Amino acid sequence: MGLRKVALACTVCGSRNYTITENPSRTERLEVKKFCKHCGKHTLHKETR
C-alpha cells in the first residue's frame, strides 16, 4: 500500500506550492496557513486531489 501525495494550493492565486503525503484516516480536506512565494505573504492553502 503506497502513500499518495497531495498538493496544497494557495486559495488566493491557486498555485500549488507544497506537497504532503496523505493520511488515509483523515476524511476532511486539510487547510493550513502557509507562505505563498507568488503572493509574497501567508495565505490559506487547501488540499487538492
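Values in this document were obtained by computation on a predicted structure and should not be read as measured data.

## Quick notes on the overall build of the protein
Along the backbone of the protein there are zero helices and four strands. Summarising its shape, the C-alpha atoms of the protein cover approximately 35 × 15 × 15 Å along the three principal directions. In the protein, which comprises 49 residues, the proportion classed as buried is 24%. Considering only intrachain contacts with a sequence separation of at least 6, the fraction spanning at least 24 residues in the protein is 35%. As displayed, the protein has an accessible area near 3700 Å², and 50% of this comes from carbon and sulfur atoms. Mean positive and mean negative side-chain charge positions of the protein (11 and 4 charges, respectively) differ by 8 Å.

## Looking at the sheet that holds strand β1 (residues 5–10)
In space, the four strands of this open sheet follow the order β2-β1-β4-β3, with antiparallel pairing throughout. Unpaired on one side and paired on the other, β2 (16–21) and β3 (31–36) mark the two borders of the sheet. Within this sheet the neighbouring strands show an average axis-to-axis angle of 40°, counted without direction. The pairing of β1 with β2 spans five bridges and is antiparallel. Residue pairing across strands places V6 opposite I20, the latter belonging to β2.

The rules behind each value
- Residues numbered from 1 in each chain as written.
- Predicted model: local features only at pLDDT ≥ 70, side-chain atom pairs only at ≥ 80, totals over all residues.
- Heavy atoms only, no water.
- Helix = DSSP H or I, 4+ residues; strand = E, 2+ residues; numbered from the N terminus.
- Buried < 20%, exposed > 50% of the residue type's maximum accessible area, 1.4 Å probe, protein only.
- Contact = heavy atoms within 4.5 Å.
- Areas by Shrake-Rupley, 256 points an atom, 1.4 Å probe, with all protein chains shown as cover.
- Lys, Arg positive; Asp, Glu negative; His and termini not counted.
- Charge placed at Lys NZ, Arg CZ, Asp CG, Glu CD.
- Pairing = 2+ DSSP bridges.
- Axes fitted to C-alpha atoms, helices over the stretch in contact; angles between N-to-C directions.

As far as function goes, none of this settles anything; it's purely spatial.
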